[in-house]
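# Descriptive analysis of the structure
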Amino acid sequence: MQTHQYDVVIVGAGGAGMRAALEASGEVRTAVISKLYPTRSHTGAAQGGMCAALANVEEDNWEWHTFDTVKGGDYLVDQDAAEIMAKEAIDAVLDLERMGLPFNRTPEGKIDQRRFGGHTRNHGEAAVRRSCYAADRTGHMILQTLYQNCVKQDVEFFNEFYVLDLIVDHDLSAGHVPDGEEVNATGVVAYDLATGEIHIFQAKAIIFATGGAGKIYKTTSNAHTLTGDGMALALRRGFPLEDMEFFQFHPTGLAGLGILLSEAARGEGGILRNGDGERFMERYAPTIKDLAPRDIVARSMANEVREGRGAGPNKDYVLLDLTHLEPAHIDAKLPDITEFARTYLGIEPYTEPVPVYPTAHYAMGGIPTNVDAEVLRNNTDVVRGLYAAGEVACVSVHGSNRLGTNSLLDINVFGKRAGRTAAAYAKTATFRDLPEDAADSVIATLDEMRGRPNGERVSDIRRELQETMDANAQVFRTEDSLRTCLADIRTLQDRYKNVSVQDKGRLFNTDLLEALELGFLLDIAEVVVIGALNRKESRGGHFREDFPDRDDEKFMLHTMAYRRPLDDSATVESVDGTEGVFSEQSVFDTYKVMLGGKSVVQTRYEPMERKY
Ligand SMILES: Cc1cc2nc3c(=O)[nH]c(=O)nc-3n(C[C@H](O)[C@H](O)[C@H](O)COP(=O)(O)OP(=O)(O)OC[C@H]3O[C@@H](n4cnc5c(N)ncnc54)[C@H](O)[C@@H]3O)c2cc1C
């Protein structure tokens, strides 16, 4: 076992992690630990763009951007955070430009901008061109630019190291720590894929930037590696997860596959049609039609299919029509995604419409933080030395539904803030002693999995989890479907206790790591479903057929999910006057998941009915 000491340790080398590293590494000794080689992080798969009210091509300002973000999130957005994001967006884009990012340009040489769902002029009048982009490879360019700048700045990377535990001085999952008492994060335990060796990193400040958890679903745009590791590690230490029931389904996944076709396709003029050739979004969102926010478009598509107006032999998808666009325009603005349609479906987008259906895309929820990226352990107290940014975190700027291009923005704005605050804290803090047995439970788990001669197969449990999530916790949800899903997850958790791996070796044992990732997926799926069961209303990405309306009276609150020991009689913090609203619990073996509520920060905007 090796041990290391750094002022700041960043877990994750996607956009959020590397943006944080650029801030922290100039100030204090910083290490980035990543289970992937940095440029393989999912940020590199992002296509359509990153928004900022630059007003380069038409009138725009940060206030309209803030409003769109709040309305897009169905008013569950913390408005102070959204305002910060919209204001700092402009510098975030310019930072990247200075670092060398090759944005598309207007004829005058300014950064070009295009339309994206839910981004409007003057509070909803018409769609506005706010998204900065580099063809349909914006995330690729961001990730490469950040990595090159990290290399230039000599940031230290530990690549293909999997963080498997978070070390804290008070483990809240083992028992109650009174509100107000100090809790510190002191290090992480990591596994080196190449050698199978365990490493302990002691740190004054730790930033989680581990990305999303799309692999809880079968049909998803997310990479194989998006298994919710950081979220699950925080949950297992007793820290809350916020608003996990809100998962975004992106309207245009390639039908049957889930591979993403960016919303930029509609931003550039693409139209959705049902099996009758009708432009159905005119019925659901008369003003901005195909450029309505994703939750609305995804539900409208699913509804067309349910009501028998789907396309194809089984009428189980709709069509994305680009055939009226000039081939030269398609080649210039949408080269990658049209190639996906050719490669994976054998469809020629110049002449044929592309079969599409909603695909699980983005976790609106995550580890709760304040606007300085400090992690909260209840509604008010921060965990000292622990920060989170990017898709793993919930600030909450996306509320119950994220607008397209707001995530590449989020990772840059809050990645930068996390790097800054963590470095500033590390300058004043001292290293705290780590317990002797810090890595013991990780080592025991690994030995047990490797040592089990036979047992349950990882791929079977994962497939069954993904299938039940797709069938029961997708675009439409009901009490019955969610209860079925939770029961399935429990059975799978039981079977998981007996999981075994075929590769018993030490070197590059990806089999073993997939088994551990499956454990994270099960934990996250459980929290998603309990939150969804409890939220007896429909808002943003969470639609309950049995409660089709938004209920601000009861549910204008963030959900906070906590894992606690079975024998812990303490209740979790909730907002006064919400008795009975967060009553759902999940009891399993040695722990229970309990829910609490947290207030939504409202500044400028009163909640209104959401129409487009
Ligand atoms: C196909 C696709 C297209 C998208 N297009 C857009 C778009 O056009 N605009 C937009 O705004 N958003 C888009 N998004 C969303 C956006 O790309 C992501 O939300 C964002 O890039 C997430 O960045 P991140 O830094 O938080 O995480 P990631 O980029 O996912 O990085 C996570 C990092 O954490 C590391 N990690 C994870 N677990 C561990 C562990 N246990 N130990 C060590 N390291 C770990 C990984 O190695 C990786 O480096 C898209 C998403 C997808 C899937």
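Residues numbered from 1 in each chain as written. Predicted model: local features only at pLDDT ≥ 70, side-chain atom pairs only at ≥ 80, totals over all residues. Heavy atoms only, no water.

Moving on, we come to the sheet that holds strand β11 (residues 247-254). Reading across the sheet, the four strands line up as β11-β14-β13-β12 and stay open at both edges, with antiparallel pairing between neighbours. Edge strands, defined here as strands with exactly one partner in the open sheet, are β11 and β12 (271-273). Across the sheet, the axes of successive neighbouring strands diverge by a mean angle of 45°, strand direction being ignored. Examined bridge by bridge, β11 and strand β14 (residues 354-363) share six bridges and lie antiparallel to one another. What sits directly across from Phe247, in β14, is Ala363. Sheet strands in contact with helix α10 (residues 335-345) are β11 and β14, and its direction is about 70° off that of β11. (Pairing = 2+ DSSP bridges. Helix = DSSP H or I, 4+ residues; strand = E, 2+ residues; numbered from the N terminus. Axes fitted to C-alpha atoms, helices over the stretch in contact; angles between N-to-C directions. Contact = heavy atoms within 4.5 Å.)

Strand order across the open sheet formed by three strands is β3-β5-β4, with antiparallel pairing between neighbours. Because the sheet does not close on itself, it has two edges, and the strands there are β3 (50-51) and β4 (113-121). Of the strand pairs in this sheet, β3 and strand β5 (residues 126-132) are connected by two bridges, and their pairing is antiparallel. Paired with Met50 across the two strands is Cys132, which belongs to β5.

What follows deals with the side chain of Glu23. As for its placement among the helices and strands, Glu23 is situated in helix α1 (residues 15-24). Looking at Glu23, its side chain comes within polar contact range of the side chain of Arg19, at 2.9 Å. When residues no more than four places from it in sequence are discounted, the contact partners of Glu23 are Lys416, Gly419 and Arg420. (Polar contact = N/O pair within 3.5 Å; in protein donor to acceptor, adjacent residues only side chain to side chain.)

Overall, the coordinates contain 14 aromatic pairs when judged by the stated rule. A ring pair is formed by Phe340 and Tyr344, whose centres lie 6.2 Å apart and whose planes are at 55°; its orientation type is tilted. In this pair, Phe340 and Tyr344 both sit in helix α10, four residues apart, roughly one turn of the helix. A relative accessible area of 25% means that Phe340 is categorised as partly exposed. Relative accessible area serves as the criterion here: at 46%, Tyr344 is assigned to the partly exposed category. One aromatic cluster in this structure is built from Tyr6, Phe158, Phe161 and Phe201. (Phe/Tyr/Trp six-rings, centres within 6.5 Å; stacked < 30°, edge-to-face > 60°. Buried < 20%, exposed > 50% of the residue type's maximum accessible area, 1.4 Å probe, protein only.)

It is worth spelling out the UniProt feature "modified residue: Tele-8alpha-FAD histidine" (unreviewed entry) in the chain at this point. Within this structure's numbering, the places UniProt gives as "modified residue: Tele-8alpha-FAD histidine" (unreviewed entry) are His42. Along the chain, His42 turns up in the loop between β2 (30-34) and β3. If sequence neighbours within four positions are ignored, His42 has contacts with Ser221, Asn222, Ala223 and Leu226. (UniProt positions renumbered as here; feature names shortened; annotations may be inferred.)

What follows is about the pairing of strand β9 (residues 198-208). For β9, the tally of buried residues reaches 11 of 11 residues, placing the bulk of the element in the interior. Bridge count for strand β1 (residues 2-11) against β9 is nine bridges, and the pairing is parallel. Bridged to Ile10 within β9 is Ile207. Bridge analysis of strand β8 (residues 185-192) against β9 gives five bridges, and the strand direction is antiparallel. Each bridged residue has a counterpart across the sheet, and for Gly187 the counterpart in β9 is Gln202.

On to the environment of Asp68. Topologically, Asp68 is positioned in helix α2 (residues 62-72). Residue classification places Asp68 among the buried residues on the basis of a relative accessible area of 2%. As for Asp68 and Tyr344, which are separated by 276 residues in sequence, their C-alpha atoms are 34 Å apart.

Let's shift gears to the environment of Asn61. By the element assignment, Asn61 lies in the loop between β3 and α2. Owing to a relative accessible area of 26%, Asn61 belongs among the partly exposed residues under this scheme. Between the C-alpha atoms of Asn61 and Gln2, which are 59 residues apart in sequence, the distance is 51 Å. Contacts of Asn61, omitting those with residues within four sequence positions, involve Ala53 and Arg130. Here the side chain of Asn61 touches Glu63 through a polar contact of 2.9 Å, landing on its backbone nitrogen.

A cis amide bond, omega 5°, links Val395 with the succeeding residue Ser396. Looking at the element boundaries, Ser396 is found in the loop between β18 (393-394) and α11 (406-428). At Asp74, a position not held by glycine, the phi torsion is positive, near 55°. Among the structural elements, Asp74 can be located in the loop between α2 and α3 (79-99). A positive phi angle, near 50°, is found at Lys315, a position not held by glycine.

Val188 and Met469 are the most contacted members of the largest nonpolar core, which has 98 residues in total. With 16 residues, the top contributor of residues to this core is helix α15 (residues 510-534). Grouped together as the second largest cluster of nonpolar side chains are 53 residues, Ala16, Ala92, Leu143 and Ala423 included. (Core = buried A, V, L, I, M, F, W, Y, C linked by side-chain atoms within 4.5 Å.)

Okay, helix α4 (residues 138-152) next. Over its 15 residues, α4 runs 21 Å from end to end, which matches the ideal 21 Å to within 8%, given 1.5 Å per residue. When α4 is considered as a whole, its buried residues turn out to be Thr138, Gly139, Ile142, Leu143, Thr145, Leu146, Tyr147, Asn149 and Cys150. Looking at the packing, one finds that the buried side of α4 touches α1, β3, α3, β5, β6 (156-159) and α11. Phi turns positive, to about 60°, at Asp154, one or two residues after α4. (Expected span 1.5 Å × (residues − 1).)

Turning our eyes to something else, we now look at the UniProt feature "binding site: substrate" (unreviewed entry) in the chain. Within this structure's numbering, the places UniProt gives as "binding site: substrate" (unreviewed entry) are His250, Ser262, His361 and Arg402. Of the residues just listed, which span 153 residues, no C-alpha pair is farther apart than 14.4 Å, and they cluster in one region. Along the chain, His361 turns up in strand β14. If we skip the residues at most four places from it in the chain, His361 touches Ser221, Asn222, Phe247, Gln248, His250, Leu260, Arg294, Glu391 and Arg402. Its location among the elements puts Arg402 in the loop between β18 and α11.

Near the ligand lie 39 residues; those nearest to it are Ser41, His42, Thr43, Glu391 and Leu408. Note that an oxygen atom of the ligand is positioned 2.8 Å from one of the backbone N or O atoms of Ala13. Taking Asp229, its side chain carries an N or O atom lying 2.8 Å from a nitrogen atom of the ligand. Coverage of the ligand by the protein amounts to 98% of the 1000 Å² it exposes when considered alone. At the level of elements, α1, β2, β7 (161-168), β14 and α11 are the ones that each hand at least two residues to the shell around the ligand. The element best represented in the shell around the ligand is α11, accounting for four residues. Of the residues belonging to the shell around the ligand, the class tally is 16 nonpolar, 19 polar and four charged. (Near = heavy atom within 4 Å. Areas by Shrake-Rupley, 256 points an atom, 1.4 Å probe, with all protein chains shown as cover. Nonpolar A, V, L, I, M, F, W, Y, C, P; charged D, E, K, R; others polar.)

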